[in-house]
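# Remarks on the overall topology
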Amino acid sequence: MAETQETLLQKIKEQGDVVRKLKAAKESGEKIQNEVSKLLALKAQLGSEDAAPQKFVLKTPKGTRDYSPQQMTIRNNVLQKIITVFKRHGAECIDTPVFELKEVLTGKYGEDSKLIYDLKDQGGEILALRYDLTVPLARYLAMSKITTLKRYHIAKVYRRDNPAMTRGRYREFYQCDFDIAGQYDLMVPDVECLKVVTEILDTLDIGKYILKVNHRRLLDGMFEVCGVPVDKFRTACSTVDKLDKSPWEEVRTEMINEKGITPDSADRIGEYVQLNGGTELVDKLLKDEKLIKSKAAVEGLEGIKLLLSYCDILGIKDKILFDLSLARGLDYYTGVIYEAVLTQSIKVGNEELTVGSIAGGGRYDNLVGMFDSKKKQVPCVGVSIGVERIFSVLESKLAAGDIAVRTNEIDVYVASAQKNFLEERMKICAELWNAGIKTEQSYKKNPKMLNQLQHCEENGIPLAVILGESELRNGLVKIRDIKTRDERDVPRADLVSELKKRIAALGEKEMNGTA
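Residues numbered from 1 in each chain as written. Predicted model: local features only at pLDDT ≥ 70, side-chain atom pairs only at ≥ 80, totals over all residues. Heavy atoms only, no water.

## Things to note about the pattern of salt bridges
- All told, the structure shown has 37 salt bridges when counted by the stated rule.
- Asp118 serves as the salt-bridge partner of Lys102, at 3.1 Å between the closest nitrogen and oxygen. Placement of Lys102 in helix H4 (residues 102-105) and of Asp118 in the loop between H4 and strand E3 (127-129) is noted, with a sequence separation of 16 residues between them.
- Relative accessible area serves as the criterion here: at 40%, Asp118 is assigned to the partly exposed category.
- Taken together, the shared-partner salt bridges in this structure form one network comprising Arg65, Arg75, Glu388 and Glu395. (Salt bridge = Lys/Arg side-chain N within 4 Å of Asp/Glu carboxyl O. Helix = DSSP H or I, 4+ residues; strand = E, 2+ residues; numbered from the N terminus. Buried < 20%, exposed > 50% of the residue type's maximum accessible area, 1.4 Å probe, protein only.)

Take a look at the structure:
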């Protein structure tokens, strides 16, 4: 006869005590292992069909979430504004599989490679969920033999990270990328990526921001003159990248204790990475006796100087900050790197919300060549908009009542004041749908008039067509403005044209709500 779960749990407790006593007495490994095996066997029985069923907790997986109609309305409005900017700059849309061959993804993300989600062997293919949209783009370019492309890509990516849901940090989240691939003149496509970021952030208007820029060649040169071995450049870079979240002393300690960089080299690095400014800082560093001995550093500084001059031409120089602490830890960057940061907390209700970085990117000239059989390079530069953090700000404002969102786009509600008008309502709905007017009605045969009007008010539907016996007998229908409660009879034959005129007059802002 099968043991009850209570008896089984008691035996597990007793066997656990036996194992703990043996370990405390430092008995032989063989003896301890025998008792551990008995303990594991008892625990295995808990999972058998004879044991009482375990309670199932219904929830989304860690680091993921569901999205309500209000949240999806905010998301769709934000993404539409971003896509409008991308298209203004001539970008085309592509898509790639949500999972890739694992060997496509490995070795591209430095220390962050441990965050890749591996999948089980699927019939001989070792797969992983995509970590970002940049590596799949490089694989797509190499596989398709494409040498020039200006593309945008909006899709979900996956990272086995420690989530911080309130700050828009998830394990499953959207990335929103704009990239320019092709052999072009220095910094011309790079500055356009910066211009795209400023246009998007200005359009979304979520707060004041600064665009930090740096250059990987300058970082390499800096590490070189500070005495860091070449094989430690990337690991030093990933540590410097933590300066936006940690003070210099913590970063210095990690460099020395975990990355094997000497205290003297770390102190030299510290002198540089705490500098930021504009063209005047570039000019100052170009006279630095140590830096000018490094070809890589000079190349990076001259690149930044050219970039800043182009930013001036495009009218965005006041939003750019040359910052030597910016490193961006991903291994594939080869040239200019940049990151957009909100410079002030955002007031949401009575609270101040700190957001931080909301966009980042840079140049990666060697990534495509990693996938090409002949190692043919396709230079690329791009930017990724941190839409999840933007969403989290707007969702917080929604929750605090700072903004209102309309989740449907219905323009007209067809209502009836008396009973037995379902067929007539359906005829008018069909007519309005065929005319391209967004319309709905009650699914009840004889709905109450008050309930129909309340539905319009609660869902922001601006107009109602009200059917009544006397009006229909005279070839008329009544149009009601829900907000003003003004009602007017119009000829039945003129209903479509009259509604279209009123909808156009309402204006886009009232129709689409605010987000």
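There's more to say after this.
## Overview of the sheet that holds strand E6 (residues 209-215)
- Read from one edge of the open sheet, 9 strands run E1-E4-E5-E13-E12-E9-E6-E8-E7, paired in mixed fashion. Because the sheet does not close on itself, it has two edges, and the strands there are strand E1 (92-93) and strand E7 (276-277).
- Bridge count for E7 against strand E8 (residues 320-323) is 2 bridges, and the pairing is antiparallel. Across the sheet, residue Asn276 finds its bridge partner in E8, namely Asp323.
- Sheet strands touched by helix H5 (residues 134-144): strand E4 (149-158), strand E5 (172-181) and strand E13 (380-385). Its angle to E4, the strand with the most contacts, is close to 135 degrees. (Pairing = 2+ DSSP bridges. Contact = heavy atoms within 4.5 Å. Axes fitted to C-alpha atoms, helices over the stretch in contact; angles between N-to-C directions.)

## Remarks on the environment of Val368
- For Val368, the location among the structural elements is in the loop between strand E12 (357-363) and E13.
- Judged by relative accessible area, which is 1%, Val368 ranks as buried.
- Separated by 165 residues in the primary sequence, Val368 and Thr203 place their C-alpha atoms 32 Å from one another.
- In contact with Val368, not counting residues within four places along its chain, are Ala138, Leu141, Ala142, Lys376, Val378 and Cys380.

## Some points on the side chain of Arg75
- Tracing the chain through its elements places Arg75 in helix H3 (residues 69-88).
- Residue class for Arg75 comes out buried when judged on its relative accessible area of 2%.
- Polar contacts involving the side chain of Arg75 include one to the side chain of Glu388, which spans 2.6 Å. (Polar contact = N/O pair within 3.5 Å; in protein donor to acceptor, adjacent residues only side chain to side chain.)

## Describing the sheet that holds strand E15 (residues 439-441)
- Read across the open sheet, the 5 strands follow the order E15-E14-E16-E17-E18; overall the sheet is mixed. In this open sheet, the two strands that pair with only one neighbour each are E15 and strand E18 (487-491). Here the average twist between neighbouring strands, direction ignored, is 30 degrees.
- Here 3 bridges tie strand E14 (residues 412-416) to E15, and the two strands are oriented parallel to one another. Among the inter-strand pairings, Val414 is bridged to a residue of E15, identified as Gln441.
- On the sheet, helix H15 (residues 449-458) packs against E14, E15, strand E16 (463-467) and strand E17 (476-481) and is oriented at approximately 175 degrees with respect to E14.

## Some thoughts on a nonpolar patch on the surface
- Taken together, the side chains of Val98, Phe99 and Leu119 present a nonpolar region at the surface, about 210 Å² in accessible area.
- In this structure, Val98 sits in the loop between E1 and strand E2 (99-101).
- Residue Val98 is classed as partly exposed on the basis of its relative accessible area, which comes to 31%. (Patch = residues over 30% accessible without salt bridge, like charges linked within 9 Å, V, L, I, M, F, W, Y side chains within 5 Å. Areas by Shrake-Rupley, 256 points an atom, 1.4 Å probe, with all protein chains shown as cover.)

## Some words on the nonpolar core
- In this structure, Phe86, Met222, Phe223, Ile269, Phe322 and Ile385 are the most contacted members of the largest nonpolar core, which totals 103 residues.
- A per-element tally of this core places helix H6 (residues 188-204) first, with 8 residues.
- With residues up to four places along the chain from it excluded, the contact list for Ile269 reads Met222, Phe223, Cys226, Val228, Val240, Trp248 and Met255. (Core = buried A, V, L, I, M, F, W, Y, C linked by side-chain atoms within 4.5 Å.)

## Remarks on helix H17 (residues 495-506)
- Over its 12 residues, H17 runs 17 Å from end to end, which matches the ideal 16 Å to within 8%, given 1.5 Å per residue.
- Taken together, the buried positions of H17 are occupied by Leu495, Val496, Glu498, Leu499, Arg502, Ile503 and Leu506. Along the long axis of H17, the arc covered by the buried residues comes to 165 degrees, so they all point the same way. Residues of H17 that are exposed and point more than 90 degrees away from the buried face comprise Lys501, Ala504 and Ala505. (Expected span 1.5 Å × (residues − 1). Arc of directions from axis to C-beta.)

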